[in-house]
Amino acid sequence: MIPRMEPLPLPLEGITVVAVEQAVAAPFATRQLADLGARVVKVERIDGGDFARGYDTAAGGLASHFVWCNRGKESIALDLKDPRGLDVVRRLVADADVFVQNLAQGAAARLGLDAATLCAADPRLIAVDISGYGAFGPYAGKRAYDMLVQCEAGLVSVTGTAEQPVKAGIPAADIAAAMYAFSGVLAALVRRGKTGRGGPVEVSMLEALAEWMGHPLHHAMHGGTPPARTGLAHAVIAPYDAYPTADGGRVLLSVQNDREWRRLAEQVLLRPELAHDPAYATNAARVEHREHTDELVGKALAALVTDEAVARLEAAGIACARLRDVREVAEHPQLAARDRWREVGSPVGPLRALLPPITLPGGDSARMGPVPALGEHTGALLRAVGMTDDEIAALRRDGVAA
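In this report, we go over the structure that sits alongside the text.

Here is what the cut-offs are and how they apply
- Residues numbered from 1 in each chain as written.
- Predicted model: local features only at pLDDT ≥ 70, side-chain atom pairs only at ≥ 80, totals over all residues.
- Heavy atoms only, no water.
- Helix = DSSP H or I, 4+ residues; strand = E, 2+ residues; numbered from the N terminus.
- Contact = heavy atoms within 4.5 Å.
- Areas by Shrake-Rupley, 256 points an atom, 1.4 Å probe, with all protein chains shown as cover.
- Lys, Arg positive; Asp, Glu negative; His and termini not counted.
- Charge placed at Lys NZ, Arg CZ, Asp CG, Glu CD.
- Buried < 20%, exposed > 50% of the residue type's maximum accessible area, 1.4 Å probe, protein only.
- Salt bridge = Lys/Arg side-chain N within 4 Å of Asp/Glu carboxyl O.
- Polar contact = N/O pair within 3.5 Å; in protein donor to acceptor, adjacent residues only side chain to side chain.
- Axes fitted to C-alpha atoms, helices over the stretch in contact; angles between N-to-C directions.
- Parallel < 35°, antiparallel > 145°, perpendicular 65-115°, else oblique.
- Left-handed = near helix turned anticlockwise from the far one by under 90°.
- Nonpolar A, V, L, I, M, F, W, Y, C, P; charged D, E, K, R; others polar.
- 1 Å grid on protein atoms, 1.4 Å probe; cavity = no way out; pocket = protein on both sides within 12 Å on 5 of 7 lines; lining within 4 Å.
- Points joined across faces, edges and corners; volume = space filled by probe spheres on them.
- Core = buried A, V, L, I, M, F, W, Y, C linked by side-chain atoms within 4.5 Å.
- Phe/Tyr/Trp six-rings, centres within 6.5 Å; stacked < 30°, edge-to-face > 60°.
- Lys NZ or Arg CZ within 6 Å of the ring centre and 35° of its normal.

## Things to note about the overall build of the protein
Here's step 1: For the protein, the count of helices and strands is 17 helices and 11 strands.
Here's step 2: With respect to the principal axes defined by its C-alpha atoms, the protein has extents near 85 × 60 × 45 Å.
Here's step 3: Excluding contacts between residues fewer than 6 apart, the proportion of contacts in the protein whose partners are at least 24 apart in sequence is 67%.
Here's step 4: Total accessible area computed for the protein in this model is approximately 20800 Å², and 56% of it derives from carbon and sulfur atoms.
Here's step 5: Counting 42 positive and 49 negative side-chain charges, the protein places the centres of these two groups 2 Å from one another.

And the structure:
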């Protein structure tokens, strides 16, 4: 008999995070920490809270960005311009393992909440500064919204069609910064476990997204030319694009080598003579004759409904995908088969949400706590830092807490 093992706890149980955060970059980073078991205290403005709360009302009356980035947190609403509100944050940080902020450049330092100041006072604390462009340099003081950083990092230059550059449809710069902040906290926790010391963590949106530019950046730096924008096509591979099907769908396929082309010609296009035709037999020839190559593939797939096209491509061993819209992703059969959907609580009732992509078999499930209302935990957190009911009432009366 194999002994039955108790499930491992979530790896960040017992870790407390305090975050003065807004929008996406910091909230998405701290949500990862919350999902892995950390207690995350979110400090919000008293006049509306995190401004991402007001982006839209698509999630049952709540903002979709906020629901996505803030489950599993405790919300306290404070006026940090008032010394009493700032004192509450300092008390919260005194009991925390991690502090995260993404205020406008210079704002945290003016409040004494920048990583350098906090870590000098408490060597065990891990403090994260997330900024648009970094703490110094000619761009340090520039506003850094996601779309602007996508432009500065060159992502927009390689995304879109030959005629029109476009930004990514998701906040790629925010997400990049969030994930490096998340991994930076994990690395600093490992180091603290070895040395007893935490320390500052710095992440900028520009540097995070510039790293993600990967091969286009290296290709251009090391003697090549910047890659052309090709929409869904590939600059140096053909056929590699999305093609319409008979029922209004689109199927993207990718032929990576000449063996695959021969299978495509014989089993999908039903034109075996194209397998060895000099105009198409090699990738170089297919790229040179891209317009005709795409015409051949497009004509064949246009005669098939999407299911039939995908089945024929898969039977031929050709890499392919359906071009799904976001509603179709929400019903994706693979996500359903792997049981990746859960419900999380919120002020408007249960909301559907994806399990985080980090899966830890043999351990407790991700802690997908509810989305907090603004200031939902203010009273409890003020009591936890030692305030009396009279003191709490005074803060509320004076507009310092909500």
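## Comments concerning the side chain of Glu260
Here's step 1: Within the element layout of this structure, Glu260 appears in helix H10 (residues 258–268).
Here's step 2: Buried charge Glu260 goes without a salt bridge, the closest partner of opposite sign being Arg263 at 4.3 Å.
Here's step 3: Polar side-chain contacts of Glu260 include one of 2.8 Å to the backbone nitrogen of Gln256.
Here's step 4: When neighbours within four sequence positions are excluded, Glu260 is seen to be in contact with Ser254, Val255, Gly317 and Ile318.

## Considering the packing of helix H1 (residues 25–35) against helix H7 (residues 172–195)
Here's step 1: It is at 8 Å that the axes of H1 and H7 come closest, and there the two elements cross at 40°. Taken as axis vectors, H1 and H7 run oblique relative to one another. Along this stretch, H1 crosses H7, giving a crossing that reads as right-handed. Between H1, through Ala25, Phe28, Ala29, Gln32 and Leu33, and H7, the contact on the second element is made entirely by Asp174, Ile175, Ala177, Ala178, Met179, Ala181, Phe182, Val185 and Leu186.
Here's step 2: In the contact of H1 with H7, the residues fall into 12 nonpolar, 1 polar and 1 charged.

## Some points on the layout of surface pockets
Here's step 1: The volume enclosed by the largest pocket comes to roughly 1300 Å³.
Here's step 2: Taken together, 32 residues make up the lining of the largest pocket; nearest its centre are Ser64, Trp68, Trp341, Arg352 and Leu354.
Here's step 3: Within the residue set of the lining of the largest pocket, elements represented by two or more residues are H1, helix H2 (64–69), H7, helix H14 (326–330) and strand S11 (351–354).
Here's step 4: Split by residue class, the lining of the largest pocket holds 23 nonpolar, 4 polar and 5 charged.
Here's step 5: What lines the second largest pocket is a set of 30 residues, and nearest its centre among them are Ala23, Phe51, Ala144, Tyr145 and Met205.

## Quick word on the nonpolar core
Here's step 1: Membership of the largest hydrophobic core comes to 43 residues, with the highest contact counts inside it found for Val17, Val98, Val100 and Ile130.
Here's step 2: Where this core is concerned, the elements lending two or more residues are strand S1 (16–20), H1, strand S4 (98–101), strand S5 (126–131), H7, strand S6 (199–204) and helix H8 (205–212).
Here's step 3: Looking at which element gives the most residues to this core, the answer is H7, with 11 residues.
Here's step 4: Formed by 31 residues, the second largest nonpolar core is a distinct cluster that contains Leu78, Leu80, Leu382 and Val400.

## Points about the environment of Ala319
Here's step 1: By the secondary structure assignment, Ala319 is in strand S9 (residues 319–322).
Here's step 2: In this structure, the C-alpha to C-alpha distance between Ala319 and Tyr240, residues 79 residues apart in sequence, is 9.8 Å.
Here's step 3: Apart from the residues within four sequence positions on either side, Ala319 is in contact with Leu252, Leu253 and Ser254.

## A few points about the pattern of salt bridges
Side chains carrying opposite charge are able to pair once their charged atoms draw close together.
Here's step 1: According to the stated counting rule, one finds 21 salt bridges in the structure shown.
Here's step 2: The residue Glu273 makes a salt bridge to Arg271 at a minimum N-O spacing of 2.4 Å.
Here's step 3: Under the relative-accessibility criterion, Glu273 is labelled partly exposed at 45%.

## What about the packing of aromatic side chains?
Here's step 1: Using the criterion set out here, one finds 4 aromatic pairs in the structure.
Here's step 2: Consider the rings of Phe28 and Trp68, whose centres lie 4.8 Å apart with planes at 40°: the pair is tilted. Of this pair, Phe28 sits in helix H1 while Trp68 sits in helix H2, placing them 40 residues apart in sequence.
Here's step 3: On the basis of an interplanar angle of 75° and a centroid distance of 5.3 Å, the ring pair of Tyr133 and Tyr139 is categorised as edge-to-face.
Here's step 4: Exposure remark for Tyr133: the relative accessible area of 6% places this residue in the buried category.
Here's step 5: Over the aromatic face of Tyr139 sits the side chain of Lys142, whose NZ or CZ is 5.3 Å from the ring centroid.

## Re the environment of Gly169
Here's step 1: With respect to the helices and strands, the residue Gly169 is situated in the loop between helix H6 (146–152) and H7.
Here's step 2: Along the primary structure Gly169 and Asn283 are separated by 114 residues, whereas in three dimensions their C-alpha atoms are 30 Å apart.

## Considering unusual backbone geometry
Here's step 1: Ala238 connects to Pro239 through a cis peptide bond whose omega is -5°.
Here's step 2: With respect to the element layout, Pro239 can be found in the loop between helix H9 (214–221) and strand S7 (240–244).
Here's step 3: Backbone geometry at Ala23 places phi at a positive 65°, although glycine is not the residue there.
Here's step 4: Positionally, Ala23 belongs in the loop between S1 and H1.
Here's step 5: Overall, the relative accessible area of 16% leaves Ala23 in the buried class.

## Quick notes on the packing of H7 against H8
Here's step 1: Running from amino to carboxyl end, H7 crosses H8 at an angle of 95°, the nearest separation of the two axes being 8 Å. Here H7 is positioned roughly perpendicular relative to H8, judged by the angle of their axes. In this structure, H7 contributes Ala172, Ala173, Asp174, Ile175, Ala176, Ala177 and Tyr180 to the contact, and H8 contributes Met205, Ala208, Leu209, Glu211 and Trp212.
Here's step 2: Here the residues of the contact of H7 with H8 are counted per class, giving 10 nonpolar, no polar and 2 charged.

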